[in-house]
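Overview (structure and organization)
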Amino acid sequence: MSTGTDTTHSATASGLTVDDITVIDNKLLKRAVGAAALGNAMEWFDFGVYSYLAVIIGQVFFADASAAAQLIASFGTFAAAFLVRPIGGMVFGPLGDRIGRQKVLALTMIMMSIGTFCIGLIPSYASIGIAAPILLLLARLLQGFSTGGEYGGAATFIAEYSTDKRRGFMGSFLEFGTLGGYLLGASLVTAMIAFLPHQTMMDWGWRVPFFLAAPLGLFGLYIRLKLEETPAFKDHMDKREEMEHNKPRLSVWQMLRDQRKPLLKCIGLVLMFNVSNYMLTAYMPSYLTGVLGMSELSGLMLVMVIMFIMMPLTLMWGYLTDRIGRRPVIGLGALGLIVLAIPSYMLIGSGNMLLVFAGLAILGLLHTCFSGTMPATLPALFVTDIRYSALAIGFNLSVSLFGGTTPLITAWLVDTTHNNLMPAYYMIGAGIIGLLTVLTLSETARKPLKGSSPAVATEAEAHRLIDKLRKRKVKHKPA
């Protein structure tokens, strides 16, 4: 069993054989990656729709407020869902470590779909008054609760299904799905805004994207129910049944205490990752239109183009981290936020379309340093038996405090201070925290996950690994 330190040498010392090495079925790996990415795409389809409809949602559900208050209220409802995400993580994470990743991911998929679909059913404020925003809030809370088990489970699922040599590249498909889902939702809303009259969008058009959650969710549920459990989890369950059936299970509070250091590292990384993410995806469309006065269609199209460019860049970074390591790429992104956040926002604030695009492109490029690395980096912080729990709790705690609140806090800061560079200062703070966290990380590229045996693509590779370990053992053997 891997200890997560000098995994190859310690494995040899403990008598690792070919039978102890996990050979990953490539077809199952592709299905697992696709199913996990699809669920994340479903989550971010909703985020893309909500972000791009934030102004209209504010007008529909908070009709009596001013334009600025409507936007803040709309983002406030958006942020409210993130308050219950840690609760979802505390429920679904331990459940995933107990009954399996696949079952919990199927459950979170259907719950997310129901929450998104229900938003499309809610009558407007003009029809039912204060009940309308209350129902919107309840639907968002259901989404937030179910999403609490989604990312941690999906990242864990892909990481445990991947080979050690390609975990970065395979994991990057999770964020590729994120961008794809967001882009799909944003493209749909943009097309509707372009071709439907504003009053039609206000009356019923805004509901259409939310209704699409039902068929998308059913398709995703079908795909996830067809998956097998991850090799690492099945191996862990077999060993637990054989050797640890009398061992008491750790409570959530005991896990938080015992895993304090890796949890803090997770929170620091996710803080930087999600501030960058939500600043670009959730806040930027409204910033371009509501703060800078750009036409709604132009603002939407600009962000969409940036998202499209980010998709292959995310895969590129994932591929490179398997060769040069996770730490250099994450550190580059963190340093970039510190140095380039203000210049980027100055370009965006210029009003010149080409310069605005350049500023957005810089922010998008920096974010892909995180989106291409985090799905492989975060699961590697924790051992197999508590990986889903710890990642779900750490990830969602950080997202709820610092990620989902980003649009709300930055909108409030800009409105209060009348300083359009406040989002840049916010990103610099996130970059500093992220850079300090990176300095505490151990490199995990091309190494087995903590608590898991090495994972390879073929039996021939397993034999080569054993030979390599045997030679290393002989080389280090005392004379």
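Residues numbered from 1 in each chain as written. Predicted model: local features only at pLDDT ≥ 70, side-chain atom pairs only at ≥ 80, totals over all residues. Heavy atoms only, no water.

Considerations on the side chain of Asp164
Here Asp164 is to be found in the loop between helix 9 (150–161) and helix 10 (167–195). Assessed through its relative accessible area of 6%, Asp164 is described here as buried. At a separation of 2.9 Å, a polar atom in the side chain of Asp164 contacts the side chain of Arg167. In contact with Asp164, other than residues within four places in its own chain, are Arg446, Lys447, Pro448, Leu449, Pro454 and Ala455. (Helix = DSSP H or I, 4+ residues; strand = E, 2+ residues; numbered from the N terminus. Buried < 20%, exposed > 50% of the residue type's maximum accessible area, 1.4 Å probe, protein only. Polar contact = N/O pair within 3.5 Å; in protein donor to acceptor, adjacent residues only side chain to side chain. Contact = heavy atoms within 4.5 Å.)

Examining the nonpolar core
Core analysis: the largest hydrophobic core is formed by 118 residues, its most contacted members being Leu53, Phe61, Met284, Leu360, Met374 and Leu378. Beyond its immediate sequence surroundings of up to four residues, Leu53 is in contact with Val189, Met201, Trp206 and Phe210. Ranked by size, the runner-up nonpolar core spans 7 residues in total, among them Leu16, Ile21, Val456 and Leu469. (Core = buried A, V, L, I, M, F, W, Y, C linked by side-chain atoms within 4.5 Å.)

Details of the packing of helix 2 (residues 26–52) against helix 9
The N-to-C vectors of helix 2 and helix 9 enclose an angle of 165°; their axes lie 9 Å apart at closest approach. One finds that helix 2 runs roughly antiparallel with respect to helix 9. Read as a crossing pair, helix 2 and helix 9 show a hand that is left-handed. Contacts between helix 2 and helix 9 pair Leu28, Leu29, Ala32, Val33, Ala36, Gly39, Asn40 and Glu43 from the former with Glu150, Tyr151, Ala154, Phe157, Ile158 and Tyr161 from the latter. Here the residues of the contact of helix 2 with helix 9 sort into 10 nonpolar, 2 polar and 2 charged. (Axes fitted to C-alpha atoms, helices over the stretch in contact; angles between N-to-C directions. Parallel < 35°, antiparallel > 145°, perpendicular 65-115°, else oblique. Left-handed = near helix turned anticlockwise from the far one by under 90°. Nonpolar A, V, L, I, M, F, W, Y, C, P; charged D, E, K, R; others polar.)

Regarding unusual backbone geometry
The phi angle at His418 is positive, at roughly 60°, despite the residue not being glycine. With respect to the helices, strands and loops of the structure, His418 is situated in the loop between helix 22 (406–417) and helix 23 (422–438). With a relative accessible area of 66%, His418 lands in the exposed category. A positive phi is found at Arg446, a non-glycine position, where the angle reads about 65°. With respect to the secondary-structure elements, Arg446 resides in the loop between helix 23 and strand 2 (455–456). Under the relative-accessibility criterion, Arg446 is labelled partly exposed at 43%.

Quick notes on the environment of Thr17
In this structure, Thr17 sits in the loop between helix 1 (7–13) and strand 1 (22–23). Assessed through its relative accessible area of 37%, Thr17 is described here as partly exposed.

Brief notes about the environment of Ala36
Tracing the sequence through the fold places Ala36 in helix 2. When its relative accessible area of 2% is taken as the criterion, Ala36 is described as buried. Along the primary structure Ala36 and Tyr151 are separated by 115 residues, whereas in three dimensions their C-alpha atoms are 8.8 Å apart. Beyond its immediate chain neighbours, meaning those up to four positions away, Ala36 contacts Glu150, Ala154, Ile158, Leu174 and Arg224.

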